[in-house]
Amino acid sequence: MTRTSINFSSRIKFWVISIALPVCLFGDSPLRLSWPTPNPAFARGMGYSAFVQKTGPNKEFSSGVFGCVRNNGYKFHEGLDLYPVKRDRKGQAEDRVFAAMKGTIVHLNKNSAHSAYGKYLVMEHSDLQPSLYTLYAHLASIEPNLQKGSIVDVAKPLGKMGNSASYFIPLERSHLHFEIGLRLTDDFQLWFSRKDFKTTNRHGNYSGFNLVGIDPIPFYASFQKKSFSKPIEYLRSLPIQTKVRIKTNKIPDFVTRYPTLAPTFKKGSTFKAWDCSFGPFGIPLRLDPSTQSSTKDPMIKILSFDLAMQNKPCRKLVLKEGSNFVPSDQLKTYLELIFGLNLG
């Protein structure tokens, strides 16, 4: 088994490893990054068709990437679908799935029927600022030695790629659904209990409702180009889609969990509201306490938004009602989860 390396600089090496092992981008501490499957196509600069699993034989490969890519752009896909490079005689995927970063297993679901994600696991990467999560879904199996609390190093195996889900995924579309992002609240059950869901929350704080992702492809591409060495640098480079002021002086656990995303907050300070900046598709980028709110202000006040980013058909954060701009239901959901509020 051979391995070759290409030195970009003394700071970062780009490793291309044969398909039995993952393709890794090793950077300076604290971030060391690995591609989550053994397919080297992305690392070699190849296009979507070389690594992305599309949603059907007559669909575009872009249907498997992040964003408004499903149902003619009206359905959002919060991750990246990666197809296998090796199958057995029955057509079952044989690719192993690897940890994208060093982290801790915080959730495992081993019952396919309990989630649209099928068999899946979530890792949190608490050594980073902010502490990102990664999610690995539709697995055929999870490594038997893994359990909640297990610490897994970057590029170590997590399980085998598959087609597990609470719905039918054809064997020929076996893939890894991969996410990177942030967690909105430590008390997801409070929000869930207020809603009229017909199902049980079996996943605690690691339900998909409570996880907001970033697009993995530009994240990896930017790291490969040495555009950032810490996640906070990448998040600060993302455009702000919407900025709102929410009238509450509650201190959300989001702020204490992600202090780098609330740099102006000081414990014991007095304020009336929070100015919240959201990036592409609703990723929270920054929360700042504010003393500017008045009694005449609405509960949620739109401070600014990027009109160009509102042209996409899904995941709109701001809507126009007559001559007014108002928060969308999606934005209200994010604010409810972050602040523990019921916004109707």
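Above this text is the structure in question.
Report on the accompanying structure. (Residues numbered from 1 in each chain as written. Predicted model: local features only at pLDDT ≥ 70, side-chain atom pairs only at ≥ 80, totals over all residues. Heavy atoms only, no water.)

**Focus: the pairing of strand 14 (residues 176-183)**
Piece 1. With eight of eight residues buried, strand 14 is to be regarded as a mostly interior element.
Piece 2. Pairing of strand 11 (residues 132-142) with strand 14, which is carried by five bridges, proceeds in the antiparallel orientation. What sits directly across from Ala137, in strand 14, is His177.
Piece 3. The pairing of strand 14 with strand 15 (residues 211-214) spans four bridges and is antiparallel. Across the sheet, the residue bridging to Leu182 is Val212, located in strand 15. (Buried < 20%, exposed > 50% of the residue type's maximum accessible area, 1.4 Å probe, protein only. Helix = DSSP H or I, 4+ residues; strand = E, 2+ residues; numbered from the N terminus. Pairing = 2+ DSSP bridges.)

**Focus on the pattern of salt bridges**
Piece 1. Scanning the entire structure with this criterion turns up 13 salt bridges.
Piece 2. One salt bridge connects Arg32 with Asp153, and the closest N-O pair in it is separated by 3.5 Å. Of this pair, Arg32 sits in the loop between strand 3 (24-26) and strand 4 (33-34) while Asp153 sits in the loop between strand 12 (151-152) and strand 13 (157-161), placing them 121 residues apart in sequence.
Piece 3. For Lys195, the salt bridge goes to Glu336, with nearest N and O atoms at 3.0 Å. In this pair, Lys195 is assigned in the loop between helix 1 (188-194) and strand 15 and Glu336 in helix 5 (residues 329-339), connecting sequence segments 141 residues apart.
Piece 4. Residues participating in the shared-partner salt-bridge network are Glu124, Arg183, Asp186, Asp253 and Arg257. (Salt bridge = Lys/Arg side-chain N within 4 Å of Asp/Glu carboxyl O.)

**So, the nonpolar core**
Piece 1. In terms of nonpolar packing, the biggest core is built from 75 residues, with Leu121 and Leu335 touching the most fellow members.
Piece 2. The element contributing the most residues to this core is helix 5, with six residues.
Piece 3. Aside from chain neighbours lying at most four places away, what touches Leu121 is Ile105, His107, Leu108, Thr134, Leu135, Tyr136, Leu139, Ile142, Leu146 and Leu158. (Core = buried A, V, L, I, M, F, W, Y, C linked by side-chain atoms within 4.5 Å. Contact = heavy atoms within 4.5 Å.)

Read these as layout, nothing more, since geometry by itself doesn't imply function.
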